[in-house]
Amino acid sequence: MATDPSDPAEYVEAVLDLVERIPPGRVMSYGAIAEALAPRFGRGGARRVGTIMALHGGSVAWYRVVNASGRTPPGHELAARRRLLAEGVAFRGERVDMARHAWFPDE
DNA sequence: GGGGTGACCCAGT
DNA sequence: TACTGGGCCACCC
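Residues numbered from 1 in each chain as written. Chains lettered and ligands numbered in written order. Predicted model: local features only at pLDDT ≥ 70, side-chain atom pairs only at ≥ 80, totals over all residues. Heavy atoms only, no water.

Asker: Honestly, the layout of surface pockets in this entry has me stumped. Any pointers?
Answerer: With a probe scaled to a water molecule rolled over the atoms, the places where space remains empty come into view. Considering only enclosed or pocket space, the largest pocket measures out at about 160 Å³ in volume. A per-element tally of the lining of the largest pocket places helix H3 (residues 46-56) first, with 3 residues. Among the residues forming the lining of the largest pocket, the class breakdown is 5 nonpolar, 4 polar and no charged. (1 Å grid on protein atoms, 1.4 Å probe; cavity = no way out; pocket = protein on both sides within 12 Å on 5 of 7 lines; lining within 4 Å. Points joined across faces, edges and corners; volume = space filled by probe spheres on them. Helix = DSSP H or I, 4+ residues; strand = E, 2+ residues; numbered from the N terminus. Nonpolar A, V, L, I, M, F, W, Y, C, P; charged D, E, K, R; others polar.)

Below is the structure:
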């Protein structure tokens, strides 16, 4: 079906689809996204998710995706911070308070 | 076939 | 907290 691991485009779609499901005020790390899709696609990794976001993130809520440390993507720190603050996400200095806002599809 | 690159991650210092 | 080194995987020359 649409989840054909042999088609790279399907993985991209799955990543973007998952990002769209992140509730406002919550965030996910690149690694967490890779982990969440692992059962379905098996392949991929945090690094790949990052590349996908860099290329196609513009069409989704890219600012809800941060690295494992809670840092916002390079070059977009200000924009990400503004949007996240507007959604009620707490910051600790320059990073998101992951312990408080990290989200996982299971919820 | 070989080597460099990247919106990553983790452990060690 | 910051920096370093190793591992990771797909993509591009």
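Let's pick the thread back up.
Asker: Which parts of the structure should I look at to understand the protein's contact with DNA strand B?
Answerer: In the vicinity of DNA strand B, 13 residues are found, and the nearest of them are Tyr 30, Arg 47, Asn 67, Ala 68 and Pro 73. Among atoms of DNA strand B positioned within 4 Å of the protein, sugar and phosphate together represent 38%. Between Gly 31 and DNA strand B, the recorded distance is 3.1 Å, taken from a backbone N or O atom to a phosphate oxygen. The side chain of Arg 47 places a nitrogen or oxygen atom 2.4 Å from a base nitrogen of DNA strand B. For the surface near DNA strand B, the secondary-structure elements that each account for two or more residues are helix H2 (30-41) and H3. Among the elements that line the surface near DNA strand B, the one with the most residues is H3, at 5 residues. Its residues assigned to classes, the surface near DNA strand B comprises 8 nonpolar, 4 polar and 1 charged. (Near = heavy atom within 4 Å. Polar contact = N/O pair within 3.5 Å; in protein donor to acceptor, adjacent residues only side chain to side chain.)

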